[in-house]
Every structure is written in C-alpha cells, then in structure tokens.
Amino acid sequence: MASYDVFKPLFTNQFIGGEWTASSSPNRIAVENPATLEKFAEIPDGTVEDIDRAVDAAYEALPAWRATPLEKRRALMQRFLEHFKAMRQAIIDLEAAELGAPIAFGANAHCDYQFVRIQSYIDEVEKVVFEESFEHSTVIREPVGVVGCITPWNYPIGQIVQKVIPALLTGNTVVLKPSQSTPLTACIMMEAFRLADFPKGIVNLVSGRGSRAGAELALNPKVAMISFTGSTAVGVSLSQQALKTVKRISLELGGKSPCVWLPDLPDYRPAIKPLFNSIFLNSGQTCTALSRLIVPKARLTEVEKLLLDHVKDYPVGDPFDPKVLIGPMASRQQFETVKSYIELGVKEGARLLAGSIPEEPGAHEKGWFIQPTIFTNVKNDMRIAREEIFGPVLCVIAYDTVDEAVAIANDTPYGLNAMVVGPKAEAQAVARRINAGNVYINDAPRDVTAPFGGYGASGIGREGGRYGLMEFTQLKAVFDHSTY
C-alpha cells in the first residue's frame, strides 16, 4: 500500500467552502507517473462553474477572515503545519510519483524545506508593520481581498507555499488552481487545512486545465489579485486578462541565470556542487537554474575537465531509488521540448561535452529520462544560451575579461537568479553589477526570509519573508489629525 493511498478519494473532488465536493463536470484528467508512464490517479477537469463556486465561497468568507486577529490566524496556521508535517511520507512519495522527483532530493527540497518556509512566514508576519503613524495620518496595511493563486508543475508544494501561506496570514482568502500535471500534493495540503479547522471558504482548490480555470480567475470581478508562477508568455497573457478588471498582479516567471567563475580563484572544485545541484537536480526544471556557466577563456580546458569528472556524480534513474539524484522529465511535452533544444544546440555549433540527444522511451526502458547535458563552445547569441530550456542542460560560455563576463551575464531579457564564484570581495563587487533579483556569492545558502523575485522578463513582485507577506496587502492612508 502506498503512503498516499489514504488520500486517493480526495483526488477526484474539488475543495470548495471547506468541503470536498464533486466537480460540476464528470470529466477527468489522468495523472501520469513520468518514470513508469503509468496513469495512477485522476483529478476533475474543473469547470468555470467550479471556479465561480470557489470564488463565491472565498468572497463570502473574506469579511470575517480579515477581521480575525493576527494571532488567531497564526495559531491556525501553526496547527495546519503540524497536520501537514504528519503527511511527510505521503508528500515525498507523491512528488516522486507525480513529478518524478527522486526521494533523496524530494525529501529535502519538496518537503522539509517547505515546512521551514511555512514556519518562516508564521514567524515573519509578526514583524510586518500593519499600522504606522505619519505626521498627519495613520497608514494601514490591509489585505487585498480574494486572491487567485495559479501554480506550476515543477515545485508543486513549494510554489503553493509561497503564495497561499502569506496570502492567508495577511487576511486574504484564496482560490488555488494547481497544475493539472502535478496536482496531488496540493490536495493533501487542503486536507491539512481542513483538519486544522480553518473556517469554511478561507482556502479553496479547483483542479483542472489552466487555460480554462486560469482565465476565469483572471476575469472574475470578485477576485482582487492574481498570483502566478510559470512561463513568461503565459504570465503576460494572464496579466492582460486580469487587467480588464484592474486586478493586482504578482508574477514569478522564467530565467536564464548566469554563473560567473572569476579568474582569480585558484580552485574551482568547490563551485561544482552548487552549480550542478542548481542545473541538474529536479531534472533542471527550476526557474532559478544556473543554466549559463561563464568562465575565463584561459581556463576553459581546466573547467571542462572538472565538469566531466563530476557529472558522473549525478545518476539518473528510478526516483524511488535513494541513490538516484535525477529522475525523469515531468511529462512527454517537457521531454520533447528539452530534446529539441539539445538537437538545436548541436545544429547551432555548440559541442556536446556530456550527454547526448535523448531517445524516446522504448519497450524495455520507460520514462521521460534525459541525461545531464553540457554544451561548450557556446556563444551568448545562440538560442540555447538565450531561451529557457527547463531541463538538465548547461551552456558553458568563455570570456576574456571580467567586464565581458558581466556583459554576457546581463545580456538576457531575464533577471531572476545568478551566482558569482571567486575571492569574496571581488565576487561581491561583481554581484552588484549583475541585473538579477537574487545573486549568490560562492556557496552562500538561501535565506528564506529574504525577498525572492526577478528583474525584467522574470516577473513582477516578490515572494518570501516580510516582502512576500506585504505583496498580499494594500495601503490605506487615514488622515485623522482633525481639529474636532
């Protein structure tokens, strides 16, 4: 018996108004295990009517929830977290089954790290200034209203946590539309909210196709804000729909992130692991993946040898095997997209240092697997260097001077993430010159209390910590220094 079997009855229902309820349509969408190609679960093919019911429930619940004291909201969220933690093994196994995330990686990135994020929001919300006195007024930070959260398939729990938790803590109500490809852990998350006795209608989930449900959330006049994570193209389209009713918009979009290795570092070996973890773990299906390695031309041969020596440390295979670090691509569509980019890289004249053009799954070998792939002789005007591949594909680009390295790093429409490796003071100076919302120095860890978001085509707004909480608020100035 799988650890998540107890939750299977939930998967074919919507969570609306605090209850698991049938969709208005009998149609279903199959959920595929990308490692075995088995269709192992079904979800409702949600309708416009389902979305409208969920929005109505959230809208009706809003006045009481926004009036609920912050301490009570925090206490409910803490209770939810304890119920969610009790579902830990089911989360790990479901992420392996629906996403193909290896359990060794998923236990940390897709599970325990998300518990840390939730606790961080619970702690950080106390530091948000909700009321502030100015010279002749009081400025009040209030909830926006009903928030439509539309989340992607690559981090099924993580992206929900970054939206739903801060929205609820700051007094908003939520309608969540998870990805139709990886919706199952979202269902057990809703069950944790139910078990924690959240008031009915505060948080709702509608499963279904994004093209239908996302558009209805964007157009519904009772929805005050859309928070979306996904591709830049879809984000732009969704925003255009949302602006017809002048909604607040928060977008976390694509990236083509640079990793700059400076020439004065004697030994690059410590830099290999953070680079490879970024671009290869989660099968490269990470918006912040460091997909462009920018290195000194004089040390290119040394770098290529290091990369080849360590790529074997990232085995590909069955995500339920604890020794495996890289699972399959999440779907046939993603497999074919990444395959086409690898073929394109060869045509563009880049050299395959590691990996090969992947083959379709055959009779003896199932699953949408792609080996870690490294291109060298890459120029920054090649499509493989400019477009988001969203797979385990690293492009190595050589430079002559540090100024040229910075120029290459910034020569992109994106600006989500970056890393600079080198002597600390020099690396910090270069980091300040890179146009990105997040920059790592050497092996510095992620700070969950810091704001996360990008420049340019990488999005609008911030997630994480106090700034992520404030994203779901709006300001009211009350001019109250009257004379009577």
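Since the model is a prediction, treat every value here as computed from it, not as a measurement.

Reading guide: rules and limits
Residues numbered from 1 in each chain as written. Predicted model: local features only at pLDDT ≥ 70, side-chain atom pairs only at ≥ 80, totals over all residues. Heavy atoms only, no water. Helix = DSSP H or I, 4+ residues; strand = E, 2+ residues; numbered from the N terminus. Expected span 1.5 Å × (residues − 1). Buried < 20%, exposed > 50% of the residue type's maximum accessible area, 1.4 Å probe, protein only. Axes fitted to C-alpha atoms, helices over the stretch in contact; angles between N-to-C directions. Parallel < 35°, antiparallel > 145°, perpendicular 65-115°, else oblique. Left-handed = near helix turned anticlockwise from the far one by under 90°. Contact = heavy atoms within 4.5 Å. Nonpolar A, V, L, I, M, F, W, Y, C, P; charged D, E, K, R; others polar. Phe/Tyr/Trp six-rings, centres within 6.5 Å; stacked < 30°, edge-to-face > 60°. UniProt positions renumbered as here; feature names shortened; annotations may be inferred. Core = buried A, V, L, I, M, F, W, Y, C linked by side-chain atoms within 4.5 Å. Salt bridge = Lys/Arg side-chain N within 4 Å of Asp/Glu carboxyl O. Pairing = 2+ DSSP bridges.

Once that is clear, we can look at helix α6 (residues 158–169). Given a rise of 1.5 Å per residue, 12 residues ought to cover 16 Å, and the 17 Å separating the end C-alpha atoms of α6 matches this to within 8%. α6 sits mainly inside the fold: 12 of its 12 residues count as buried. A positive backbone phi angle near 100° is found at G171, which sits one or two residues after α6.

Moving on to the packing of helix α10 (residues 269–280) against helix α11 (residues 300–311). In the contact formed by α10 and α11, the axes pass within 11 Å of each other and the chain directions differ by 60°. Between α10 and α11, the angle falls in the class oblique. In the packing of α10 onto α11, the handedness of the crossing is right-handed. The residues of α11 that touch α10, namely those facing R269, I272, L275, F276 and F280, are L306, L307, H310 and V311. A class-by-class count of the residues in the contact of α10 with α11 yields seven nonpolar, one polar and one charged.

Take the packing of aromatic side chains next. Summed over all chains, the structure comprises 13 aromatic pairs. Note on F80 and F193: the rings are 4.0 Å apart at their centroids and 5° apart in plane angle, and the pair reads as stacked. Remark: F193 occurs in helix α7 (residues 184–195) and F80 occurs in helix α3 (residues 70–85); sequence separation between them is 113 residues. In this structure, F80 and F193 share a single accessibility class: buried. Relative to W368, the ring of F335 lies with its centre 5.4 Å away and its plane at 50°, an arrangement referred to as tilted. Of the two residues, F335 is situated in helix α12 (residues 332–348) and W368 in the loop between β14 (351–354) and β15 (373–376); the sequence distance between them amounts to 33 residues. Taken individually, F335 and W368 each receive the classification buried, so the pair is uniform in this respect.

Before going further, it helps to spend a moment on the UniProt feature "active site" (unreviewed entry) in the protein. Feature annotation in UniProt assigns "active site" (unreviewed entry) to the following positions: E252. You can see E252 is positioned in strand β11 (residues 248–252). Classification of E252 by relative accessible area gives buried; the value is 2%. Those residues in contact with E252 that sit more than four places away from it in its chain are Q159, F228, T229, G230, C287, L416, F452, S458 and E463.

Another aspect to go through is the nonpolar core. In terms of nonpolar packing, the biggest core is built from 61 residues, with F80, F84, I165, L168, M189, F193 and F198 touching the most fellow members. Here this core gets eight residues from one element, more than from any other, and that element is α7. In this structure, M189 is in contact with F80, F84, I157, I160, V161 and I165, ignoring residues within four places of it in sequence. Residues M329, V393, C395 and A418 belong to the second largest nonpolar core, which totals 34 residues.

A few words now on the pattern of salt bridges. Taken as a whole and assessed by the stated rule, the structure comprises 27 salt bridges. Here K39 ties to E32 by a salt bridge, and the two come within 3.3 Å at their closest N and O atoms. The class for K39 is exposed, based on a relative accessible area of 54%. The closest approach of N and O atoms between R209 and D45, which form a salt bridge, is 3.3 Å. Highlighted residues: R209 in the loop between β9 (203–205) and α8 (210–219) and D45 in the loop between β4 (39–44) and α2 (48–66), separated in sequence by 164 residues. Judged by relative accessible area, R209 falls into the partly exposed class, the value being 32%. Sharing partners across several salt bridges, the network here consists of D45, R209 and R212.

Most of strand β16 (residues 393–399) sits out of view: six of its seven residues are buried. One ladder, built from three bridges, connects β15 with β16; its direction is parallel. Each residue of the ladder has a partner; that of T373, found in β16, is V393.

Here α3 crosses helix α5 (residues 103–124) at 170°, and the two axes come no closer than 10 Å. Judged by the inter-axis angle, α3 sits roughly antiparallel to α5. Counted together, R74, M77, Q78, F80, L81, F84 and K85 of α3 and F115, I118, Q119, I122 and D123 of α5 form the full contact between these two elements. Tallied by class, residues from the contact of α3 with α5 come to seven nonpolar, two polar and three charged.

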